[in-house]
Amino acid sequence: GRCTIYHVRPQTCLDYDCRIFAAAAIDAGKPIIDKRVREWRFSYPSETDRLEHEAVRATASFLREHRDSFNVRIPASPMGIAVFAIKAYRVFLDPNASAMSPKEIALAMIEAVRTFDRGVPA
């Protein structure tokens, strides 16, 4: 409710919620959206919120850097990567994730997305 152009926002803002790209620390691939994405700043009411945001970013980064670790088709578009990262970020909250191989992380991420899609509480 604090957006100063909410009532007259451009079509781009109606089509995309740029916060998803900012949360995942990725560009949307369209200059007008990328400009707004870079303007977002996040505040964290708790340490848990900060850690969860870091995990979303780590998940998006892993998707881009370790595509070959997945045995299923994963998103390649910025929107797909951002949504996947939000669904699977809990994998990077696990303190044991740093000891896992990329393939093990990829499997855990796929399972996290499936769990999210089934609506199972985390």
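Everything below is about the structure shown above.
Quick caveat, the model's predicted, so the values are computed rather than measured. Counting restarts for each chain, with residues numbered from 1 along the sequence as it is written. Per-residue local features are limited, in this predicted model, to residues with pLDDT of at least 70; the limit for side-chain atom pairs, both in listing and counting, is 80 or more; totals at the level of whole chains, interfaces and linings are taken over all residues. Heavy atoms from the whole structure form the basis of all side-chain values; hydrogens and water molecules are not counted.

Quick notes on unusual backbone geometry
To be explicit about the condition: Strands here are runs of E lasting at least two residues and helices are runs of H or I lasting at least four, both read from the DSSP assignment and numbered beginning at the N terminus. Buried means the residue's accessible area, taken with a 1.4 Å probe over protein chains only, is under 20% of the maximum for its type, while exposed means over 50%, and partly exposed covers the values in between.
Backbone geometry at Ala 25 places phi at a positive 60°, although glycine is not the residue there. Of note, Ala 25 is situated in the loop between helix H2 (19-24) and helix H3 (31-39). Assessed through its relative accessible area of 44%, Ala 25 is described here as partly exposed.

Observations regarding the side chain of Asp 34
For clarity, the threshold we go by: Definition of a polar contact: a pair of N or O atoms within 3.5 Å, with one able to donate and the other able to accept a hydrogen when the atoms are protein atoms, and with sequence-neighbouring residues admitted only if both atoms are side-chain atoms. Contacts were defined at the residue level, with two residues in contact if any of their heavy atoms lie within 4.5 Å.
Mapped onto the elements of the fold, Asp 34 is located in helix H3. In this structure the side chain of Asp 34 is engaged in a polar contact, spanning 2.6 Å, whose partner is the backbone nitrogen of Ala 28. Once residues lying within four places of it in the same chain are set aside, the contact partners of Asp 34 are Asp 27, Ala 28 and Gly 29.

Overview of the environment of Glu 39
Tracing the chain through its elements places Glu 39 in helix H3. Residue Glu 39 is classed as partly exposed on the basis of its relative accessible area of 39%. At 2.9 Å, the side chain of Glu 39 forms a polar contact with the side chain of Lys 35.

So, the packing of helix H4 (residues 47-65) against helix H6 (residues 102-118)
Two quantities define a packed helix pair, namely the angle between the axes and the distance from one axis to the other. Keep this limit in mind: Fitted lines through C-alpha atoms give the axes, limited to the stretch in contact for helices. The angle between two N-to-C directions lies from 0 to 180 degrees. With respect to orientation, any angle under 35 degrees is reported as roughly parallel, any angle over 145 as roughly antiparallel, any angle of 65 to 115 as roughly perpendicular, and every other angle as oblique. A clockwise turn of the near helix away from the far one marks a right-handed crossing, whereas an anticlockwise turn of less than a right angle marks a left-handed crossing. Gly falls in the polar group here, along with every residue not listed as nonpolar (Ala, Val, Leu, Ile, Met, Phe, Trp, Tyr, Cys, Pro) or charged (Asp, Glu, Lys, Arg).
It is the contact of H4 with H6, at a shortest axis distance of 11 Å, that shows an interaxial angle of 120°. One way to sum up the angle between H4 and H6 is to call them oblique. Every pair of crossing elements has a handedness; the one defined by H4 and H6 is left-handed. Residues Thr 59, Phe 62 and Leu 63 of H4 form the contact with H6, whose participating residues are Pro 102, Ile 105, Ala 106 and Met 109. Taken together, the residues of the contact of H4 with H6 sort by class into six nonpolar, one polar and no charged.

Notes on the nonpolar core
What counts, and what does not: Only buried residues count toward a nonpolar core, which is a set of Ala, Val, Leu, Ile, Met, Phe, Trp, Tyr and Cys residues joined through side-chain atoms within 4.5 Å.
Ranked by size, the top nonpolar core spans 29 residues in total, and within it Phe 21, Ile 26, Leu 63, Phe 70, Phe 84 and Met 109 carry the most contacts. Broken down by secondary-structure element, the contributors of at least two residues to this core are H2, H3, H4, helix H5 (78-88) and H6. Of all the elements, H6 adds the most residues to this core, at six residues.

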